[in-house]
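Listed below, chain by chain, are the residues.
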Amino acid sequence: MSQAIQLETEFAQLCDRLGFSPTLATGASETAPPGAMHADDIEPGSRVDRYLVLRKLGAGAMGVVYAAYDPKLDRKIALKLLRADVLVGLEIARKRLEREAQALAKLAHPNVVSVYDVDVHAQHLFVAMEFVEGETLGTWLRQPRTWPEVLETFDAAGRGLAAAHAAGLVHRDFKPENVMLGDDGRVRVMDFGLARQQVLAEIERPNSSAGPSEPSRVPATSMTLASGAVVGTPAYMALEQFEGRADALSDQFAFCVALYEGLYGRRPFTNESVARLLYALASETLQPTPKDTKVPTWLHDVVVRGLAAEPRQRWPSMDALLHALSDDPRLRRRRLGSRVLLVGLVVGATLSMVVAANSRARTCEGFESRLAGVWDAEQRQRVNAAFEATGLNYATDSRRRVEQRLDDYAEQWLAGRREACEATQQGEQSGELLDLRMRCFDERLEHMAATVELLANADADVVRRGVEAVASLPDLSRCTDIEALQATEPRPEEPELAARVDVLDEQLIAAEALERAGKYDRGHELATRVVVEAEALGYEPLQVRAWLTQASLAQLRGDHAGAEASWKRAYATALGLKMLVEAEEAARRLTHLVGHALAQPELGRAWLEHATPLARAVGSREAKVGQLVLLSSIEVREGNYEDARMHLQRALAIDEAALAPNHPDLARTLTELGAVYYQEGDYEEARESYERALAIREQAFGPEHPLVASTLGNLGKVAEARAKYDEARAHDERALASLEHAFGPNHAEVGATLQSLGRVATAEGKHEQARQYHERALASLEHALGPEHPDLATTLNSLGILADMQGDYEQAGAYFERSLAISERALGPDHPRLASSLNNLGLVARALGDYVTATAYFERALTLREQAHGRDHPGLAYSLGNLGGVAQALGDHAAARAYYERALAIDEQALGPDHPDLAYSLLGLGEAYLGLAETQEAIPWFERALVLRTRAPGSAVDLAQTRFMLARALWDAPSRAGRDRARAVALAELAAAALARAGETSSKDVDVIRDWLAAHEN
């Protein structure tokens, strides 16, 4: 028999024994010649080192995988060969890959594909791995699976990933196709990214020898979403991985993408293109889950946290994530009873004891019947019909969110009530404590019933607030807080009084449900009726509860005086009865009402002195965070922004430690923090806080909710500050439509949004449109807050600025003086918010030629801002520029130059070198140099200002004036060529034409330019 025939026969027998049927190529050699082997076309029967190649299994961008046979150990293996062309010249990368493969070979874990060997053969780095018979997780998921099945399978894969992380390894390309479900029932993670990110890090470094037409890096937006893409697989990649950074947290992100896909049958982020994927990742915009999903909310929340754009917001590790995935609230609440039964069995309890234990357990079943008529199939159908009947485009989405939250609340209620019952049956708590806990659960059930009834009769307003109404149902964990329950005021002993109190408490619960649903007038009317009856009964604990509800609804209706009176009565009575939770709430709400809404910060601080020790005594998250938010609001009122920020950062840390990453309460704290960053001039941090809040609120409430609108308004302010006017207007217009629909035209938030639109219109040179916006804003705010509230000052200043632009200095001065008077009465004479009115009054005085008065106003404004914010705050630049203008008018050009130089340095640091607002200081510097007879030095400042104003969609008047300033400098420069004088004439002609078209300046300005042209054209 010839050697070739013998080889073919032995190879066929081997393949038959191992379960393969490849065809041996004619003339296959025993060993491929060194240097001639190509990873893609190794023939069956060839040898790689000692391994006999059986067949090709698959290929990717970095390598090829073959089924092979290890004759030394007599077993099938998978052989991965890395492409030689990738590794040529990359010795450092090859050694790094080799070290990582060796580390993986040392890792022995049942949920990781074993690595047996790593070496180099014919210029190919190869890895010999365990051969697994079975199917990939991706194939397995193509069949319908229940969420517990999916979770169990992913838990095994996650344990493998965690083990790799513990060994210092990073997968870099976790996805369903890289997980095998073996025929032996074991789940294994495979295809660690040994030759993916690290090699690319070497390839993508700019090559000094590359020509200008040969880019050294492929942009992320050009990647496909197919398996085997350039860096990992984009659909499963975290944002930082697109930037070339991969670690255990990016593996966690990929795991959560795959788990989300397994649970819901769709990936969490859009995959239409990489550009859209990157936007969705950065904004944390999730695709909606299926309407009929049975995946519980607790599991959804755990997975979503692992999908956070910011790595530090994810779970600290895979182990932490796996622990959270295993922490099913239903199972957790059953563990206590299970442990007690197990102990009884271990110590040899008699059959009669077991029967008795089972009998006791049966007495704690059947609580599901309590949900009948509260949240059952019939109520679900009523809610569904009511939501759909509104015809709102977001009704279906809101209804799904509402149903899921109600399902979870009902499930937690059942588990908590059952656990309370079992604890008493097993002798772990007294019957008295059981009564308190059951009373707590009964009260929560009444809240749920009242809320469901409102949802079942929903109108457009209820649909809009439905998710918020359910999310704010009373916390069930309070029913396990022994100290809080024991501090609860006992029910009255007289049966008739007790019965009447129960009826009135139910009415208060209904009023609170109306509040959650946004029905403030109806809720306040009902709460007021309860107050009257409670006072007639003389039962003080009920009076406290009624006053608290009445006060909250009164404030929401804009009745601040009524709210203050009710909260004061509630506080005094609750404190006397030692109802600490209620007393703390009243004091905290009074702090905010008096210190903010009524603009009396000193009285607000006085109430805070009462609220702070009460919050410490109560000790709840809500109380701690509430106090910190209150402290920050007072610090903001007094201009202490650094202290305010520190309070809010502490509050956010408390919230993040206690809440799921998409809990609505986080958005509230983030919004407050964003506002402080904005006041400090840190617009990037402000934008990040607001965008994170927006993502949470859109996910929790849907895109049309008023809270979403408020956050959009905040983002609009940040975009405006960064001169992104189109973006600002888009945010503000969307917010305004939602807020007017929700609240009508006379609401404070509507007024604030109109203010923003007015500022944007002013910046774009649309002065008449701006005036209309600000007049509407002033009417809304006066109606909502009263004529003396400090929030009116901003709108009054804006109207004054517009009057000043039109040359109506008398009207402008009246607006500014009213603004200053309101602010001084509310905030005192040293608050930095007075600076805007002072600067504006200075401008009016300067326009009227009263430079001494103007200088006094500008210097006072500068001092206030320096005292509050330091010498580098962006707000100082405006006052400095104004002082420069006065110095210029007085002929002190050297002082003017110093003011403008400092203003420019501050603005460049805060806004960057290309912000259009830098033009003011640049023009001032140019004018100062002209005044110093240094014409040649003035021209670069004018040129730079013209570039900025040409790029920005600002006022045509401002652009025209800039052109004329440069024209004069070009003409007067002593060493300029004739062509620069021709350019000067052209610029002046453009300026005159633009001013004539704009119609927003006096003809005198046009005449000045035309006179100049007449004198210089020839």
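Worth saying up front: this structure is predicted, and the values here are computed from it rather than measured.

Asker: Residue-level account of the state of the cysteines, with values.
Answerer: Scanning all chains against the criterion turns up 1 disulfide. In this model, C440 is linked to C479 through a disulfide, with the two sulfur atoms separated by 1.9 Å. The chirality of the disulfide connecting C440 with C479 is left-handed, given an S-S dihedral of about -75°. Note that C440 is positioned in helix α16 (residues 431-456) and C479 in the loop between α17 (460-471) and α18 (482-486), a separation of 39 residues in sequence. Here the two residues C440 and C479 agree in accessibility, since each one is buried.

Asker: Quick one: what's the story with the sheet that holds strand β5 (residues 115-121), residue by residue and with numbers?
Answerer: Strand order in the open sheet formed by 6 strands is β1-β2-β3-β4-β6-β5, with antiparallel pairing between adjacent strands. Only two strands of the sheet have a single neighbouring strand rather than two, namely β1 (47-48) and β5. Examined bridge by bridge, strand β3 (residues 63-70) and strand β4 (residues 75-82) share 8 bridges and lie antiparallel to one another. Among the inter-strand pairings, V64 is bridged to a residue of β4, identified as L81.

Asker: Before we move on, could you go through the packing of helix α14 (residues 377-389) against α16 and cite the residues and values that matter?
Answerer: One can describe the packing of α14 onto α16 by two numbers: an axis separation of 7 Å at closest approach and a directional angle of 40°. Classified by the angle their axes make, α14 and α16 are oblique. Across from Q379, R382, V383, A386 and F387 in α14, the residues of α16 making contact are V452, E453, L455 and A456. Class assignment of the residues belonging to the contact of α14 with α16 gives a composition of 6 nonpolar, 1 polar and 2 charged.

Asker: Talk me through helix α8 (residues 248-264); I want residue IDs and the actual numbers.
Answerer: Counted at 1.5 Å a residue, the expected span for α8 with its 17 residues is 24 Å, and the 24 Å between its end C-alpha atoms agrees. The element α8 is largely enclosed, with a buried count of 14 among its 17 residues. Residue D247 occupies the N-cap position of α8, its side-chain oxygen lying 3.0 Å from the main-chain nitrogen of L249. Taken from the residues just after α8, G265 is the one with a positive phi, measuring 75°.

Asker: Just give me the short version of the pattern of salt bridges, but keep the residues and values in it.
Answerer: One pass over the full model with this rule turns up 56 salt bridges. Across the pair E740 and R776 runs a salt bridge whose closest N-O atoms are separated by 3.1 Å. Linking E740 in helix α30 (residues 725-743) with R776 in helix α32 (residues 767-785), this pair joins segments that are 36 residues apart in sequence. Among the ionic pairs, R871 bridges to E866, the shortest N-O distance being 3.3 Å. Owing to a relative accessible area of 53%, R871 belongs among the exposed residues under this scheme. In this structure, a network of salt bridges that share partners links the residues R380, E388, R399, E403 and D407.

Criteria and cut-off values
- Residues numbered from 1 in each chain as written.
- Predicted model: local features only at pLDDT ≥ 70, side-chain atom pairs only at ≥ 80, totals over all residues.
- Heavy atoms only, no water.
- Disulfide = S-S within 2.5 Å.
- Helix = DSSP H or I, 4+ residues; strand = E, 2+ residues; numbered from the N terminus.
- Buried < 20%, exposed > 50% of the residue type's maximum accessible area, 1.4 Å probe, protein only.
- Pairing = 2+ DSSP bridges.
- Axes fitted to C-alpha atoms, helices over the stretch in contact; angles between N-to-C directions.
- Parallel < 35°, antiparallel > 145°, perpendicular 65-115°, else oblique.
- Contact = heavy atoms within 4.5 Å.
- Nonpolar A, V, L, I, M, F, W, Y, C, P; charged D, E, K, R; others polar.
- Expected span 1.5 Å × (residues − 1).
- Polar contact = N/O pair within 3.5 Å; in protein donor to acceptor, adjacent residues only side chain to side chain.
- Salt bridge = Lys/Arg side-chain N within 4 Å of Asp/Glu carboxyl O.

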